[in-house]
Structure formats: C-alpha cells, structure tokens
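Results of the structural survey
Take a look at the letters that make up each chain.
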Amino acid sequence: MRITGFRRTFAALSVCSLALAASACGSGDDDSASGKTRITVNCMPPKSAKVDRSFFQQDIASFEKKNPNIDVVAHDAFPCQDPKTFDAKLAGGQMEDVFYTYFTDAKHVVDIRQAADLTPYVKELKSYDTIQKQLRDIYTVDGKIYGIPRTGYSMGLIYNRALFEKAGLDPDTPPATWEEVRADAKKIAALGNGTVGYADYSAQNQGGWHFTAEMYSQGGDVVTADGKKASIDTPQGHAVLQNLHDMRWTDNSMGSKQLLVINDVQQMMGSGKLGMYLSAPDNIPILVKEKGGNYKDLALAPMPGGQGTLIGGDGYMFNKNDSPAQIRAGLKWLDSMFLTPGDGFLGDYARAKQNNAPVGLPEPRLFTGAADAKDQQVKKANANVPVENYQAFLDGNQALQMKIEPPNAQQIYSVLDGAVSAVLTKKDADIDKLLKDASGKIDSILARG
C-alpha cells in the first residue's frame, strides 16, 4: 500500500486516461514505417507539477536526442496508477507500451496474461544486474522476468527529536523494541499540552496496512507461506493488538482521538505534537513542506522489534502486444530515465537540490555494489537535509527481513482495520475474538483468490 506517492526526489504521479483510444496507449504499433520505434509510457508528472513535468520532458528529449530512432510519447494523469481502472485498462487493450505498476501488481498482471516476457531482452538493460536482487525477484514469476523495479521503500519509525529531548530521552538512541516504544511514548505524552506519544492509523485500510508492518517487525506474518490461510491468530498478532490497546487505554499515550488516517497523523507530527509513528522516509519532506515540520527535528529509526519490515515500491511492466523493437526501446528508456546512478529523472541530485527538492533521504536504496556506491556518493555531495538523523535507519535496516505486502492486500487490510480500530476505540475489546473473526474473513478472501 502506498499513500504518499514515493519518489526518489520528485513527485511524479500519472496514468493514461481511459478516455484515450486504444491506439493512443499500448497497441503494439511501433510505427516502424517511419524508421522510428514509437513507445507510449505513463507516470509523467501532471501539468500542475510544473517543475517535475519540465524535468521529465527534458529527460525524454535528452533520451530521444541520444536515440534518434526512438520516439517516446508520455501520458499523464493522477495518480500513476488508479486501482479502480487498472484492470479495465489492461483488459481493454488501453495500457501503455511501458506502464507503471506497484510491486503488488506484478504477479496479478502476469496471471491475467497482460505482460510481455522480458527474459530474452533483459540482458540489454545495462543496469539490471546492479538492482537489488530482492527487488528484481518481485517481477520474476515462474523463472521469467516481467518487469523492472524503479524505486523501493521500507517502513521505519519516524520520531521527533525535539520531543525526545524534552521528555528526557536520548534522540540519538531511538526505541529498538515495542516495549521501548511504549515506555518512550508514555514519557512523551506526559509532557501534556495535547502531546501524543505514539499514533497509528485505524481507518481506510491504513490500519490493516500498519498491522501488517507491525506483524512483520515481530517476525510474524498475515498469511501462511502458501498464501492460502490467515496467520494472524498467533502470539505476534496478539502482541500487536495488545500493545496498541495498552498504549491507548493503560498509558493514555496515544491520545483520545482515534480512527486516524495518514493525513491526521502527519498533521500531528508536523505541528510538533506527536512523538512517533510508523512510516517510510518519503513522509519526511511532506511533513516539512506541507505540515509545518522542520528537517532538524525529524529523525528515522528502523522498525522496532528487530525482525522484519514491510517493503514496497514500483516499477514498469511491458504491454503483452509490444513488438521486440518496442521492448528494446522501453528498456533503453528505463535505463536512461530511472536506472542510471546519480543521473536521470530520479537520480539527478544536483538538479533536485537546485530546485529545493530534498536530497539525502535514506531511501530508496535501489542499487548494489559500485552502482550503489556511486549513487550514494552523488547523493551525499548534494545533500540538503540532515542525513545524520537517518543513520539509525540505514544501519538497523541491514539486519531486517524485507517482506512484501500480502496477496489481496487491500481486502485483507479492510478486515484488519476492524480489529485495529476496535482495540483503539473499545477499552473492553476482546482481542482473541477479534483475531479469530478476522482470520475467518481473511480465509474466505484467500479462498476466492
């Protein structure tokens, strides 16, 4: 699940409109008669994002100048992918030749046979072997490659250094366990004046999303390894709900207002009234630019619990009707646009800094080896945020198991919302019954496929 539209330095959100004719999107027509290979692509920033859009257009123009035999036609809309129309576009033959997907889309798109097999061509993608294997594997189904990762994120704990200091806590030693989160939240809430120690989501499927992240952090899971049954009625599942219940009702460290969603929690953190909440690094610039926060006060730690973290991200897949020439052109475009360390739309940190975009956030960490070293070197040279505030996150993440969202994630999150909201709004909530009932509903979802 992704709420904020994470990008490495820019916010680029778009898709091709359903109103476009099929020929305007992914028709397989590569316009070879003109001597050029034509590809349609999506996720160009909308006109309202003037700076991002201009960079995207500049980078396409630069790519076309270097590759005069390729014509790139970019489509924009908001957001990059609308879950309500995604399947309809695929089924109706209206998807672009190279189209944006969330990690959780990969297997589904392959299962409904709407993706081109990139395996014979991927050797032509110069950057492919430099991308983290665990991210590459997300787009590999039954040994075949169907997509290319573009960004990746993992969840962590955002916290307010200023409130930690006021509460007598060491801001350079963030909580590493859920017991420590609870103890620190209690001290922060004791500051009074409406200060909340820890906040969590519990509505609009976002409570289920965070429940999943909290399960992963303690070594648990939401579904069994074969994806056929729920696995929430476990010691880890009980621990997640019990901890939330106790912070809410015993410690009074979560405030009285509940059924919160991401915007509510971001407002609290940006206003300096919240000590901690779970998030990915991309929340930090939003807290500063939109919610009134200050970079120097915002820090990031790895997920408490020390076992695992929820990861997500996005990438591009190719229309099943693409010609070999279009696939080759699309791979070249991805290399140039997104997968060259320190360059392109996502990696030109010098350009980002000149335009007051945040540079130096700890993610995404897409590459490995020499490519990662170069990317980090250029990022560090252009950093304009306090990178030392994120060192704990970088260090701690190395030891965590990276786990993607469960199958049928949104349906499962909707079920889990009920359990999370219950323990945060009802002091006498029966955790055993909540988990048993939710397990039955999740089993039914998984049985339907």
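Residues numbered from 1 in each chain as written. Predicted model: local features only at pLDDT ≥ 70, side-chain atom pairs only at ≥ 80, totals over all residues. Heavy atoms only, no water.

Here we take up the overall build of the protein chain. Assigned secondary structure in the protein chain consists of 17 helices and 12 strands. What you see for the protein chain is a C-alpha radius of gyration of 22 Å, in line with the 22 Å of a compact globule of 449 residues. With the C-alpha coordinates aligned to their principal axes, the bounding extent of the protein chain is approximately 70 × 50 × 40 Å. Within the protein chain, residue pairs in contact and separated by at least 24 positions form 78% of the contacts whose partners lie at least 6 positions apart. The positive charge centre, built from 49 side chains, and the negative charge centre, built from 53, are 3 Å apart in the protein chain. (Helix = DSSP H or I, 4+ residues; strand = E, 2+ residues; numbered from the N terminus. Rg over C-alpha atoms; globule rule 2.2 N^0.38 Å. Contact = heavy atoms within 4.5 Å. Lys, Arg positive; Asp, Glu negative; His and termini not counted. Charge placed at Lys NZ, Arg CZ, Asp CG, Glu CD.)

The subject of this paragraph is the pattern of salt bridges. For side chains bearing opposite charge, pairing can occur when the charged atoms are close. With the rule as written, the count across this model stands at 15 salt bridges. A salt bridge links Glu124 to Arg328, with the nearest nitrogen and oxygen atoms 2.9 Å apart. Taken together, the positions of Glu124 in the loop between α3 (106-111) and α4 (133-136) and Arg328 in helix α11 (residues 324-337) put the pair 204 residues apart, joining distant regions of the chain. Classification of Glu124 by relative accessible area gives partly exposed; the value is 35%. When its relative accessible area of 37% is taken as the criterion, Arg328 is described as partly exposed. Across the pair Arg182 and Asp251 runs a salt bridge, and its minimum N-O distance is 2.6 Å. With Arg182 in helix α6 (residues 178-189) and Asp251 in the loop between α8 (235-250) and α9 (262-270), this residue pair connects regions lying 69 residues apart in the sequence. Relative accessible area serves as the criterion here: at 10%, Asp251 is assigned to the buried category. (Salt bridge = Lys/Arg side-chain N within 4 Å of Asp/Glu carboxyl O. Buried < 20%, exposed > 50% of the residue type's maximum accessible area, 1.4 Å probe, protein only.)

On to the nonpolar core, then. Counting residues in each nonpolar core, the largest one holds 74 residues, and the members touching the most others are Tyr198, Phe211, Ile232, Leu244, Met276 and Ile442. The biggest single contributor to this core is helix α16 (residues 409-425), with 10 residues. Leaving out residues up to four positions away in the same chain, Ile232 has contacts with Phe211, Met215, Asp221, Val222, Gly237, Leu416, Leu435, Ala438, Ser439 and Ile442. If you look at the next biggest cluster of nonpolar residues, it comprises 53 residues, including Phe103, Tyr316, Trp333 and Leu334. (Core = buried A, V, L, I, M, F, W, Y, C linked by side-chain atoms within 4.5 Å.)

This prediction gives the protein chain a mean pLDDT of 91; 93% of its residues lie at or above 70. Throughout residues 3-25 the model reports pLDDT below 50, and contacts reaching past four residues in sequence, or to other chains, amount to 105 contacts. (pLDDT = per-residue confidence, 0-100.)

Following both chains from N to C, one finds α8 and α16 inclined at 30°, their axes separated by 8 Å at the closest point. As the angle between them shows, α8 and α16 are arranged roughly parallel. In this structure, the crossing between α8 and α16 has a hand that is right-handed. Residue-level contacts link Leu241, Leu244, His245, Arg248 and Trp249 of α8 to Ala419, Val420, Val423, Leu424 and Thr425 of α16. Of the residues that constitute the contact of α8 with α16, the class distribution is seven nonpolar, two polar and one charged. (Axes fitted to C-alpha atoms, helices over the stretch in contact; angles between N-to-C directions. Parallel < 35°, antiparallel > 145°, perpendicular 65-115°, else oblique. Left-handed = near helix turned anticlockwise from the far one by under 90°. Nonpolar A, V, L, I, M, F, W, Y, C, P; charged D, E, K, R; others polar.)

All right, on to helix α14 (residues 369-381) then. Its 13 residues give α14 an end-to-end C-alpha distance of 18 Å, which sits within 8% of 18 Å, the value for a rise of 1.5 Å per residue. If you check which residues of α14 are buried, you get Ala371, Asp372, Asp375 and Lys379. Burial along α14 is one-sided: seen end-on, the buried residues are contained in an arc of 95°. α14 presents Gly369, Ala370, Gln377, Lys380 and Ala381 as exposed residues on the side facing more than 90 degrees away from its buried surface. Looking at the buried residues of α14, the elements they touch are α13 (349-354). (Expected span 1.5 Å × (residues − 1). Arc of directions from axis to C-beta.)

This brings us to the side chain of Lys291. Summarising the element assignment, Lys291 is placed in the loop between α10 (283-289) and β10 (298-302). Summary of buried charges: Lys291 has no salt-bridge partner, and the nearest side chain of opposite charge, Glu290, is 4.4 Å away. Not counting the four nearest positions on each side in its chain, Lys291 is found in contact with Asn263, Gln266, Gln267, Gly270, Ser271 and Ile286.

In contact at an axis separation of 10 Å, α8 and helix α17 (residues 431-448) are set at 125° when each is read in the N-to-C sense. It follows from the interaxial angle that α8 and α17 lie oblique. In this structure, α8 crosses over α17, and the sense of that crossing is right-handed. Residue-level inspection shows Gly237, His238, Leu241 and Gln242 of α8 in contact with α17, the latter providing Ile431, Asp432 and Leu435. In the contact of α8 with α17, the residues fall into three nonpolar, three polar and one charged.

Turning our attention to the sheet that holds strand β9 (residues 274-279). Pairing between the strands of a sheet comes from backbone hydrogen bonds, and it takes one of two forms, parallel or antiparallel. Taken in spatial order, the four strands make up an open sheet running β8-β9-β7-β10, and their pairing is mixed. In the strand order of this sheet, the two ends are held by β8 (196-198) and β10, each with one partner. Each adjacent strand pair in this sheet contributes to an overall mean axis angle of 25°, direction not counted. When strand β7 (residues 156-160) meets β9, the two strands line up antiparallel, connected through four bridges. Its bridge partner being in β9, Leu157 is matched across the sheet by Leu278. Sheet strands touched by α6: β7, β8 and β9. Its angle to β8, the strand with the most contacts, is close to 175°. (Pairing = 2+ DSSP bridges.)

Bringing the pairing of strand β6 (residues 147-154) into the picture now. Most of β6 sits out of view: eight of its eight residues are buried. Bridge analysis of β6 against strand β11 (residues 308-318) gives seven bridges, and the strand direction is antiparallel. Pairing of Ile148 across the sheet is with Tyr316, part of β11.

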